[in-house]
Amino acid sequence: MEVILSGTGTSQGVPVIGCDCTVCKSTDTHNVRLRTAAIIQMSNGLNIQIDCGPDFRQQILANDIHSLEHILLTHEHMDHIAGMDDVRAFNFSNRVDMNVYGTGQVLARIRHHFDYAFSRVPYPGAPRIVTNVIDSNPFQLNDVIVQPIPVWHGKWPVMGFRIGNFAYITDVNAIPASSLELLTELDVLVLGVLHQKQHHSHYHLEEGIKVAKLIGANRTIFTHISHQMGLHDEVSAELPTGIELGYDGMRIHVHQE
Ligand SMILES: [Zn+2]
Ligand SMILES: [Zn+2]
Ligand SMILES: [Zn+2]
């Protein structure tokens, strides 16, 4: 399987509107970050999207994705769901309803924000979304088994996901012991790390490195990065072996043995 990091930025993206810092003004494209999301491409051709933020349309176009049937949602914050209206493109082109997976709490927010897609009187041209409630038990997409990983994002219970030797945990500042047990023997871990200073609902860099070492995946790649992290190249040069900063468009091959 291959994973594309289609966005690696925090909720405001990078550059931040109106900001003149060196990161936001950088001409290196590694410092341009759309809102955090990923596309998993299974070897059998199945595409699975994780999160569907405001840059969803742009990310799908940039990565030339032609088919999508499944979207996994980590949580209900707008930077992870705001692009849901644009699943219409796949409704039309693939002639399928979009299967969306999240906890009951997340799907309730989807129904609230995109109420016109769920109204009894059909709203012409509304996205066609099928909501699938998940809990911490594994579930199946075609022949792919997805293991939800419950973690904490401040006071919000949110989900990470594991598929084979790959795990993806974005907005997070605490991983319970029971979830750490689900993260053994990983080839690749994508982990949300906001910036250098402490934060109430995200790991900062030092914590992220500690957690990455504790989990011990062959490769750990940080995502959900703020402009306050610093320049991509400078921060990357300081990271321990096996730990990297993600960037938009990064393609990660996951070894299954
Ligand atoms: Zn977020
Ligand atoms: Zn800035
Ligand atoms: Zn969040």
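Residues numbered from 1 in each chain as written. Chains lettered and ligands numbered in written order. Predicted model: local features only at pLDDT ≥ 70, side-chain atom pairs only at ≥ 80, totals over all residues. Heavy atoms only, no water.

S.K.: Quick one: what's the story with the sheet that holds strand E1 (residues 2-7), residue by residue and with numbers?
M.R.: Reading across the sheet, the seven strands line up as E6-E5-E4-E3-E2-E1-E14 and stay open at both edges, with mixed pairing between neighbours. Single-partner strands in this sheet number two, and they are strand E6 (129-133) and strand E14 (250-253). Adjacent strand axes in the sheet meet at a mean angle of 25° when their direction is disregarded. Where strand E2 (residues 37-41) and strand E3 (residues 47-50) come together, four bridges link them in antiparallel fashion. Pairing of Ile39 across the sheet is with Gln49, part of E3. (Pairing = 2+ DSSP bridges. Helix = DSSP H or I, 4+ residues; strand = E, 2+ residues; numbered from the N terminus. Axes fitted to C-alpha atoms, helices over the stretch in contact; angles between N-to-C directions.)

S.K.: Would you mind going over the environment of Thr10 in detail, with residue names and values included?
M.R.: Tracing the backbone shows Thr10 in the loop between E1 and E2. Taking the C-alpha atoms as reference points, Thr10 and Ala62, 52 residues apart in sequence, are found 19 Å from one another. Ignoring sequence-local partners within four residues, the contact set of Thr10 consists of Arg35, Asp79, Leu194, His224, Ile225 and Ser226. A distance of 3.3 Å separates polar atoms of two side chains, one belonging to Thr10 and the other to His224. (Contact = heavy atoms within 4.5 Å. Polar contact = N/O pair within 3.5 Å; in protein donor to acceptor, adjacent residues only side chain to side chain.)

S.K.: Before we move on, can you summarise the layout of surface pockets with the specific residues and values?
M.R.: Over the atoms rolls a probe the size of a water molecule, and in doing so it shows where empty space is left. If you add up the space inside the largest pocket, you get close to 200 Å³. Lining the largest pocket are Phe56, Arg57, Ile60, Leu61, Asp64, Ile65, His66, Asp86, Ala89 and Phe90. Those elements giving two or more residues to the lining of the largest pocket turn out to be helix H1 (56-62) and helix H3 (88-93). (1 Å grid on protein atoms, 1.4 Å probe; cavity = no way out; pocket = protein on both sides within 12 Å on 5 of 7 lines; lining within 4 Å. Points joined across faces, edges and corners; volume = space filled by probe spheres on them.)

S.K.: Provide a residue-level description of the coordination of the zinc ion (ligand 3), including the pertinent values.
M.R.: Distances from the zinc ion (ligand 3) to its protein donors, His75 (NE2), His77 (ND1), His153 (NE2) and Asp171 (OD), fall at 2.2 to 2.3 Å. For the zinc ion (ligand 3), all donor residues lie on one chain, and their spacing in sequence is H-x1-H-x75-H-x17-D. (Donors = N, O, S within 2.8 Å, 3.2 Å for Na, K, Ca; no water.)

S.K.: How would you sum up empty space enclosed by the protein? Please name residues and give values.
M.R.: Tallied over the entire structure, the rule returns one cavity of 30 Å³ or more. What the largest cavity holds in volume is close to 40 Å³. Along the walls of the largest cavity sit Val14, Val23, Asn31, Arg33, Ile225, Ser226, His227, Gly230 and His232, which together make up its complete lining.

S.K.: Go over the coordination of the zinc ion (ligand 2) with me, naming the residues and quoting the values.
M.R.: Coordination of the zinc ion (ligand 2) by the protein involves Cys19 (SG), Cys21 (SG), Cys24 (SG) and His227 (ND1), with metal-donor separations of 2.1 to 2.3 Å. Coordination at the zinc ion (ligand 2) is tetrahedral: its four donor atoms span angles of 106 to 114° at the metal. When the donors of the zinc ion (ligand 2) are listed by position in the chain, the intervening gaps give C-x1-C-x2-C-x202-H. (Tetrahedral: all angles 85-135°; square planar, octahedral: opposite > 155°, others 65-115°.)

S.K.: Can you tell me about the UniProt feature "domain: Metallo-beta-lactamase" (unreviewed entry) in the protein chain, naming the residues and giving the values?
M.R.: Those residues carrying the UniProt feature "domain: Metallo-beta-lactamase" (unreviewed entry) are residues 47-225 in this numbering. The span residues 47-225 is 23% helical and 29% strand by assignment, and the distance between its end C-alpha atoms comes to 24 Å. (UniProt positions renumbered as here; feature names shortened; annotations may be inferred.)

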